[in-house]
Amino acid sequence: PVIGKLARKFGQKDAAGQKNKGVHLKTAPKAQVVAPFEGRVEFSGLFNDDHVVILNVGSGYFIVLTGLGDSFADAGSRVDAGELLGVMPSRSAELFMEMRKDRSSIDPMPWISRALAASRQ
């Protein structure tokens, strides 16, 4: 969804002992955030002072992206894989990506690891 470096893995515990329900990707300022898969935008906008995009990619899969500096996608619209959803803040930041299947968080790495490896080249 963004060119960046894996900062925190799925299931990794934070300082409070809570398991991470997604991955954190360290990005450059103003990095473009794109749809990792085609789907329907279920939500796009501010939530608790954070820009959030939720994609329904079908078959019970949803992708939650948070930490954006601005989001451009409109709720209810269809997006193609690779389509621009927003940009990261003007300061260094981390994009949080949670992948859900039938209401449970799952590790997104099997789906995005090849793209992350390519972004490091």
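This text goes with the structure placed above it.
Okay, so let's go over this structure. A quick note: this is a predicted structure, and the numbers were derived from the prediction, not measured. (Residues numbered from 1 in each chain as written. Predicted model: local features only at pLDDT ≥ 70, side-chain atom pairs only at ≥ 80, totals over all residues. Heavy atoms only, no water.)

### Considerations on the overall build of the protein chain
Counting its secondary structure elements, the protein chain contains one helix and eleven strands. Shown N-terminal to C-terminal, the secondary structure of the protein chain runs as helices and strands in the order β-β-β-β-β-β-β-β-β-β-β-α. In terms of C-alpha radius of gyration, the protein chain reaches 13 Å, essentially the compact-globule figure of 14 Å for 121 residues. Once the C-alpha set of the protein chain is aligned to its principal axes, its extents read approximately 35 × 35 × 35 Å. Scored against the burial criterion, the 121 residues of the protein chain give a buried share of 37%. Sequence separation of 24 or more characterises 57% of the internal contacts of the protein chain that already satisfy a separation of 6 or more. For the protein chain, the accessible surface area stands at approximately 6900 Å², while carbon and sulfur atoms represent 49% of it. If the 16 positive side-chain charges of the protein chain are averaged to one point and the 13 negative ones to another, these points end up 8 Å apart. (Helix = DSSP H or I, 4+ residues; strand = E, 2+ residues; numbered from the N terminus. Rg over C-alpha atoms; globule rule 2.2 N^0.38 Å. Buried < 20%, exposed > 50% of the residue type's maximum accessible area, 1.4 Å probe, protein only. Contact = heavy atoms within 4.5 Å. Areas by Shrake-Rupley, 256 points an atom, 1.4 Å probe, with all protein chains shown as cover. Lys, Arg positive; Asp, Glu negative; His and termini not counted. Charge placed at Lys NZ, Arg CZ, Asp CG, Glu CD.)

### Some points on the side chain of asparagine 20
As for its position among the elements, asparagine 20 is in the loop between β1 (4-8) and β2 (23-27). There is a polar contact of 2.8 Å between the side chain of asparagine 20 and the backbone oxygen of glycine 22. (Polar contact = N/O pair within 3.5 Å; in protein donor to acceptor, adjacent residues only side chain to side chain.)

### Describing the environment of valine 23
Relative to the assigned elements, valine 23 resides in strand β2. Given the relative accessible area of 0%, valine 23 is considered buried. Setting aside anything within four residues of it in sequence, one finds valine 23 in contact with Leu6, Arg8, Lys9, Phe10, Leu95, Phe96, Met97, Pro108, Met109 and Ile112.

### Concerning the sheet that holds strand β7 (residues 70-71)
Strand order across the open sheet formed by three strands is β3-β9-β7, with antiparallel pairing between neighbours. With partners counted over all chains shown, the strands left at the sheet margins are β3 (32-34) and β7, one partner each. Taken together, the two bridges between β7 and strand β9 (residues 84-87) define a ladder with antiparallel strand orientation. When the sheet's bridge partners are listed, aspartate 70 is paired in β9 with valine 87. (Pairing = 2+ DSSP bridges.)

### Notes on the side chain of serine 71
Among the structural elements, serine 71 can be located in strand β7. Of the polar contacts made by the side chain of serine 71, one reaches the side chain of serine 44; its length is 3.4 Å. Of the polar contacts made by the side chain of serine 71, one reaches the side chain of histidine 51; its length is 3.5 Å. In this structure, serine 71 is in contact with Ser44, Gly45, His51, Val53, Leu85 and Gly86, ignoring residues within four places of it in sequence.

The values are spatial; any link to function lies outside them.
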